[in-house]
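Analysis of the macromolecular model
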Amino acid sequence: MDCRQILKLYQLYVDQEMDNSMVDLVKQHMENCPDCQYRVKFEVKFSTIIRKKFKTRSAPDDLKERIKKKLD
Amino acid sequence: MNQATDETTTDNDETKPIEDMTEEEKQEVFGEEALPHLNALYNYARSISHSKQDAEDLVQETFMRAYRYFHQYTPGTNCKAWLFTILRNLYNTNYKQYKKTPDQVHYEAEEEIYEQIVNEDLTAVIKDPEEEFFENILPDEIVNAIEDLPEKYRSCIVLSDVEDFSYKEISEILDVPIGTVMSRLHRGRNILKKKLVNYAKDKGIIPEDEDVLDDED
């Protein structure tokens, strides 16, 4: 696995869509390559931060009540 | 409503096909498997419709339809993805045509440029991904930046990053090929990163250009 391949494949790694055998190869490469390690770390963090900060809106209580009532 | 959810389901109910259930059993399983996804559905509906009212209507219609077709659902399988697919179909048929797609053309044209510059720019400017860049971005900025994305990118990012669906699940919910999901995620995230970097530069969270950082370091 070289940097060019990492650049092509990192998205699969970040989104946990990668085969385990491939994941090992990516990790091996990253151990010896600070640039790729940086890139992947950044992408993982970016995805985490989106999740953390976006999950703030919850449905209004009256909507929940309305739906439950309608289903009864 | 609590009566239905407070009672614990027996193992028999879990394996029983929904069409064989009594109305009461059906309500109970629905309450346990479908209703917990209400917030996630609402959050997604808000982000695609850009409207509180539309989001509420969409979620309510989704649950009504889901209950009506609940016999088509197999208990214990992925209820969340099933509900999202229903919501998406409702949105496509009843809401999408009324929504304008602002700046669509503008974005398409800029996409290529974003692709090229965003990655070098980011790596050059932000030296440590763990550090202040991310921590200094407020929830509002992230949410606004996502809200401003064209819907096709926004949907993929919310479904993947926020709701944790797999590429395959997203491709089924949106009814597009997996490759399309992947490229929309890639492009959407790049646009998002660029926006957030610009925001961070405006606010002085990160330096205007890399030279400054290198000189001072």
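Source: prediction; values computed, not measured.

As a further point, take helix 1 (residues 3–14) of chain A. Working note: α-helix, 3.6 residues per turn, so residues spaced by three or four point in the same direction. The first and last C-alpha atoms of helix 1 of chain A sit 16 Å apart over twelve residues, in line with the 16 Å expected at 1.5 Å per residue. Looking one or two residues past helix 1 of chain A, glutamine 16 of chain A carries a phi angle of roughly 55°, positive in sign.

It is worth spelling out the interface of chain A and chain B at this point. Counting residues at the interface gives 33 residues for chain A and 50 residues for chain B. Between chain A and chain B lies a buried interface of about 4,300 Å² when both sides are counted; carbon and sulfur atoms form 62% of it. The tally of links between chain A and chain B comes to four salt bridges. A salt bridge links aspartate 164 of chain B to arginine 51 of chain A, with the nearest nitrogen and oxygen atoms 3.1 Å apart. Where chain A touches chain B, the interface holds 13 residue pairs in polar contact (both at pLDDT 80 or more).

All names here are of chain B. Two numbers describe how helix 5 (residues 52–68) lies on helix 6 (residues 79–95): the axes approach to 9 Å, and their chain directions differ by 120°. Judged by the angle between their axes, helix 5 and helix 6 are oblique. Between helix 5 and helix 6 the crossing geometry is right-handed. Listed contacts from helix 6 to Asp54, Asp57, Leu58, Val59, Glu61, Thr62, Phe63, Arg65 and Ala66 of helix 5 are Trp82, Leu83, Ile86, Leu87, Leu90, Tyr91, Asn94 and Tyr95. Among the residues forming the contact of helix 5 with helix 6, the class breakdown is eleven nonpolar, two polar and four charged.

All names here are of chain B. Unusually for a residue other than glycine, histidine 50 sits at a positive phi of about 60°. Tracing the sequence through the fold places histidine 50 in the loop between helix 4 (38–49) and helix 5. Positive phi, normally seen in glycine, also occurs at aspartate 175, with a value near 60°. Along the polypeptide, aspartate 175 turns up in the loop between helix 11 (167–174) and helix 12 (178–202). For aspartate 175, a relative accessible area of 69% corresponds to the exposed category.

Let us now look at the nonpolar core. Counting 76 residues, the largest nonpolar core has Phe30, Val59 and Phe63 of chain B as its most contacted members. Of all the elements, helix 6 of chain B adds the most residues to this core, at ten residues. For phenylalanine 30 of chain B, the contacting residues outside a window of four places in its chain are Leu71 of chain A together with Leu35, Phe63, Ala66, Tyr67 and Phe70 of chain B.

Here the focus is the pattern of salt bridges. Any two side chains of opposite charge can pair, so long as their charged atoms come close to each other. All told, the structure shown has twelve salt bridges over all chains when counted by the stated rule. Here lysine 193 of chain B and glutamate 43 of chain A are joined by a salt bridge, their closest N and O atoms 2.7 Å apart. Placement of lysine 193 of chain B in helix 12 and of glutamate 43 of chain A in helix 3 (residues 34–54) is noted, with the two residues assigned to different chains. Accessibility classification places lysine 193 of chain B together with glutamate 43 of chain A in one group, the buried group. Ionic pairing is found between glutamate 151 of chain B and arginine 88 of chain B, a salt bridge with its closest N-O pair at 2.8 Å. Taken together, the positions of glutamate 151 of chain B in helix 10 (residues 151–162) and arginine 88 of chain B in helix 6 put the pair 63 residues apart, joining distant regions of the chain. There is no split in this pair, since glutamate 151 of chain B and arginine 88 of chain B are both buried.

All names here are of chain B. Summed over all chains, the structure comprises ten aromatic pairs over all chains. A ring pair is formed by phenylalanine 30 and phenylalanine 63, whose centres lie 6.1 Å apart and whose planes are at 80°; its orientation type is edge-to-face. On the criterion of sequence distance, the pair formed by phenylalanine 30 in helix 3 (residues 23–33) and phenylalanine 63 in helix 5 is long-range, its members being 33 residues apart. Phenylalanine 63 shares its class with phenylalanine 30; the two are buried. With centroids separated by 5.3 Å and ring planes inclined at 35°, the aromatic side chains of tyrosine 73 and tryptophan 82 adopt a geometry described as tilted. Both residues of the pair, tyrosine 73 and tryptophan 82, belong to the buried class. Members of the aromatic cluster, joined through ring pairs, are Phe30, Phe63, Tyr67, Phe70, Tyr73 and Trp82. The positively charged end of lysine 26 is found above the aromatic ring belonging to tyrosine 67, 4.5 Å away from the centroid.

Rules behind the numbers
Residues numbered from 1 in each chain as written. Chains lettered and ligands numbered in written order. Predicted model: local features only at pLDDT ≥ 70, side-chain atom pairs only at ≥ 80, totals over all residues. Heavy atoms only, no water. Helix = DSSP H or I, 4+ residues; strand = E, 2+ residues; numbered from the N terminus. Expected span 1.5 Å × (residues − 1). Contact = heavy atoms within 4.5 Å. Buried area = accessible area lost by both parts, 1.4 Å probe. Salt bridge = Lys/Arg side-chain N within 4 Å of Asp/Glu carboxyl O. Polar contact = N/O pair within 3.5 Å; in protein donor to acceptor, adjacent residues only side chain to side chain. Axes fitted to C-alpha atoms, helices over the stretch in contact; angles between N-to-C directions. Parallel < 35°, antiparallel > 145°, perpendicular 65-115°, else oblique. Left-handed = near helix turned anticlockwise from the far one by under 90°. Nonpolar A, V, L, I, M, F, W, Y, C, P; charged D, E, K, R; others polar. Buried < 20%, exposed > 50% of the residue type's maximum accessible area, 1.4 Å probe, protein only. Core = buried A, V, L, I, M, F, W, Y, C linked by side-chain atoms within 4.5 Å. Phe/Tyr/Trp six-rings, centres within 6.5 Å; stacked < 30°, edge-to-face > 60°. Lys NZ or Arg CZ within 6 Å of the ring centre and 35° of its normal.

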